[in-house]
Amino acid sequence: MLVFQHLADFFETVSQDPRIGANHIVVYLALMNIWQSQNCPHQIEVASYEMLQVTRIRSPDTYLKHVKELAVFGYIRYQPALNEHVKAEIQFRKL
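All values derive from a computational prediction rather than experimental measurement.

Trainee: For this particular structure, what's the right way to read the nonpolar core?
Mentor: Across soluble globular proteins, nonpolar side chains have a tendency to be buried as a group. The biggest cluster of nonpolar side chains holds 25 residues, and the ones touching the most others in it are Leu31 and Ile76. Sorting the residues of this core by element identifies helix H1 (2–14), helix H2 (22–37), strand S1 (44–46), helix H3 (48–55), helix H4 (60–72), strand S2 (76–79) and strand S3 (88–92) as the ones contributing at least two each. Counting residues per element, this core draws most heavily on H2, at seven residues. For leucine 31, the residues in contact, after removing those within four places along its chain, are Ile44, Val46, Met51, Ile76, Ile90 and Phe92.

Trainee: What should I look at first to understand the packing of aromatic side chains in this one?
Mentor: Two numbers describe a pair of aromatic rings. These are the distance of the centres and the angle of the planes. Under the counting rule described, the total for this entry stands at six aromatic pairs. A centroid spacing of 5.3 Å and a plane angle of 80° characterise the contact between tyrosine 28 and phenylalanine 92, whose relative ring orientation is edge-to-face. Remark: phenylalanine 92 occurs in strand S3 and tyrosine 28 occurs in helix H2; sequence separation between them is 64 residues. Note on tyrosine 28: relative accessible area 0%, which makes it buried. Taken together, a centroid distance of 5.3 Å and an interplanar angle of 55° make the contact between tryptophan 35 and phenylalanine 92 tilted. Here phenylalanine 92 lies in strand S3 and tryptophan 35 lies in helix H2, a separation of 57 residues in the sequence.

Trainee: Is there a simple way to think about the sheet that holds S3 in this case?
Mentor: Taken in spatial order, the three strands of this open sheet run S1-S3-S2, and their pairing is antiparallel. Of all the strands in the sheet, just S1 and S2 have a single pairing partner and so form its edges. With direction set aside, neighbouring strand axes in the sheet form an average angle of 30°. Bridge analysis of S2 against S3 gives four bridges, and the strand direction is antiparallel. From the neighbouring strand, glutamine 79 faces S3, where its bridge partner is glutamate 89. In this fold H4 packs onto S1, S2 and S3, with an angle of close to 125° to the strand it touches most, S2.

Trainee: Please explain the confidence of the model for the chain as it appears in this structure.
Mentor: Caution applies to low-pLDDT regions: their predicted coordinates should not be interpreted in detail. On average, residues of the chain score 93 in pLDDT, and 99% of them reach the 70 mark or higher. For the chain, the element scoring lowest by mean pLDDT is H1, at 90; S2 scores highest, at 97.

Trainee: I tried to follow the side chain of histidine 24 on my own but got confused; where do I start?
Mentor: Along the chain, histidine 24 falls in helix H2. Excluding anything up to four places from it in sequence, histidine 24 contacts Arg19, His66, Glu69, Leu70 and Phe73.

Trainee: Sorry if this is basic, but what is going on with H4 here?
Mentor: An α-helical turn contains 3.6 residues, so a residue and the one three or four places further along point in the same direction. The end-to-end C-alpha separation of H4 is 18 Å, in line with the 18 Å expected for 13 residues at 1.5 Å each. Of the residues making up H4, those classed as buried are Tyr63, His66, Val67 and Leu70. One side of H4 carries all its buried residues, which in axial view fall inside an arc of 100°. The exposed set on the far side of H4, more than 90 degrees from its buried face, consists of Asp61 and Val72. Elements that come into contact with the buried residues of H4 comprise H2, S1, H3, S2 and S3.

Calculation rules
Residues numbered from 1 in each chain as written. Predicted model: local features only at pLDDT ≥ 70, side-chain atom pairs only at ≥ 80, totals over all residues. Heavy atoms only, no water. Core = buried A, V, L, I, M, F, W, Y, C linked by side-chain atoms within 4.5 Å. Buried < 20%, exposed > 50% of the residue type's maximum accessible area, 1.4 Å probe, protein only. Helix = DSSP H or I, 4+ residues; strand = E, 2+ residues; numbered from the N terminus. Contact = heavy atoms within 4.5 Å. Phe/Tyr/Trp six-rings, centres within 6.5 Å; stacked < 30°, edge-to-face > 60°. Pairing = 2+ DSSP bridges. Axes fitted to C-alpha atoms, helices over the stretch in contact; angles between N-to-C directions. pLDDT = per-residue confidence, 0-100. Expected span 1.5 Å × (residues − 1). Arc of directions from axis to C-beta.

Below, the structure is given as C-alpha cells:
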C-alpha cells in the first residue's frame, strides 16, 4: 500500500511540474521498483550500470543528469558514489 500511495503522490506532483520529462519518470519508476523489491528501506543503493539496463537509457551521462535533476527538483536525495566500486545512495522525499 505504501508504494501505491507514493506513486499516486508522485504522479499528482509531476503532472503539475513542467520540468519533469519522460526520462525523469522512467528513472524514478525504476528507483521505486528497486525500493519496493527491497521491502521499502529508508535508503537504497544503486549502481549506474544496473539502472542503465532497467531504464533502457543508453548514456550514463543522461542517466546521471536525470537523477541529479530529480534531486535538485526535490523528488529524491542523491548521494553519488565516490568511485565505480561503490553504489550511489538514494532516498525518496515525501511529496
